[in-house]
Amino acid sequence: EVQLQASGGGLVQPGGSLRLSCAASGFIFSDYAIAWFRQAPGKEREGVSCISSIPGQTYYSDSIKGRFTISRDNAKNTVYLQMNSLKPEDTAVYYCATRRFICLDTMRNSDYAHWGQGTLVTVSS
């Protein structure tokens, strides 16, 4: 069965960096797009970034573009989200999710069939 495990969250100061990981199993990893979503308390879940099975095809939301970088290591069945220049408004539970083949022009929860459990990122001084 498809399983996704998010990890790497924690407490970091504003301006700091953190790297999240999403480890996958139960499917042919290289044939799937992997995405990161986040949800802050009292707010709706929002799409953050996505990386397609096709090399070089990625998506970033406007709120994090230029600060976060998504990458994948197919040999390790793992996707990473490198987060730099973190801001307090980045505080949220971060989830990884997957759909077949490619990312879409927009990120909707319903387009992603499988979800991990989430990892908490807190940005505070």
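Cut-off values and rules
- Residues numbered from 1 in each chain as written.
- Predicted model: local features only at pLDDT ≥ 70, side-chain atom pairs only at ≥ 80, totals over all residues.
- Heavy atoms only, no water.
- Phe/Tyr/Trp six-rings, centres within 6.5 Å; stacked < 30°, edge-to-face > 60°.
- Helix = DSSP H or I, 4+ residues; strand = E, 2+ residues; numbered from the N terminus.
- Buried < 20%, exposed > 50% of the residue type's maximum accessible area, 1.4 Å probe, protein only.
- Lys NZ or Arg CZ within 6 Å of the ring centre and 35° of its normal.
- Core = buried A, V, L, I, M, F, W, Y, C linked by side-chain atoms within 4.5 Å.
- Contact = heavy atoms within 4.5 Å.

A. Looking closely at the packing of aromatic side chains. Taken as a whole, this structure holds four aromatic pairs when the rule is applied. Arranged with centres 5.3 Å apart and planes meeting at 75 degrees, the rings of Phe37 and Tyr112 form a pair that is edge-to-face. With Phe37 in strand 4 (residues 32-39) and Tyr112 in the loop between strand 9 (92-100) and strand 10 (114-115), this residue pair connects regions lying 75 residues apart in the sequence. Assigned by exposure class, Phe37 and Tyr112 land together as buried. Between Phe37 and Trp115, the ring centres sit 4.8 Å apart and the planes meet at 45 degrees, which makes this aromatic pair tilted. Here Trp115 lies in strand 10 and Phe37 lies in strand 4, a separation of 78 residues in the sequence. Each residue in the set Phe27, Phe29 and Tyr32 is aromatic and connected to the rest through ring pairs, giving one cluster. Of note, Arg45 hangs over the ring of Tyr95, and the distance from its end group to the ring centre comes to 4.4 Å. Here the guanidinium or amino end of Arg45 rests over the ring plane of Trp115, the centre of that ring lying 4.8 Å away.

B. Expanded view of the nonpolar core. Of all hydrophobic cores here, the largest spans 28 residues; its most connected members are Trp36, Phe68, Val79, Leu81, Met83 and Tyr94. Taken together, the elements giving at least two residues each to this core come down to strand 1 (3-7), strand 3 (18-25), strand 4, strand 5 (46-51), strand 7 (68-73), strand 8 (78-83), strand 9 and strand 11 (119-123). It is strand 3 that contributes the most residues to this core, four residues altogether. Phe68 has contacts with Arg38, Val48, Tyr60, Leu81, Gln82, Met83, Asn84, Leu86, Asp90 and Tyr94, leaving out every residue within four places of it along the chain. The next biggest cluster of nonpolar side chains, apart from the first, holds eight residues, and it includes Ala35, Cys50, Cys103 and Met107.

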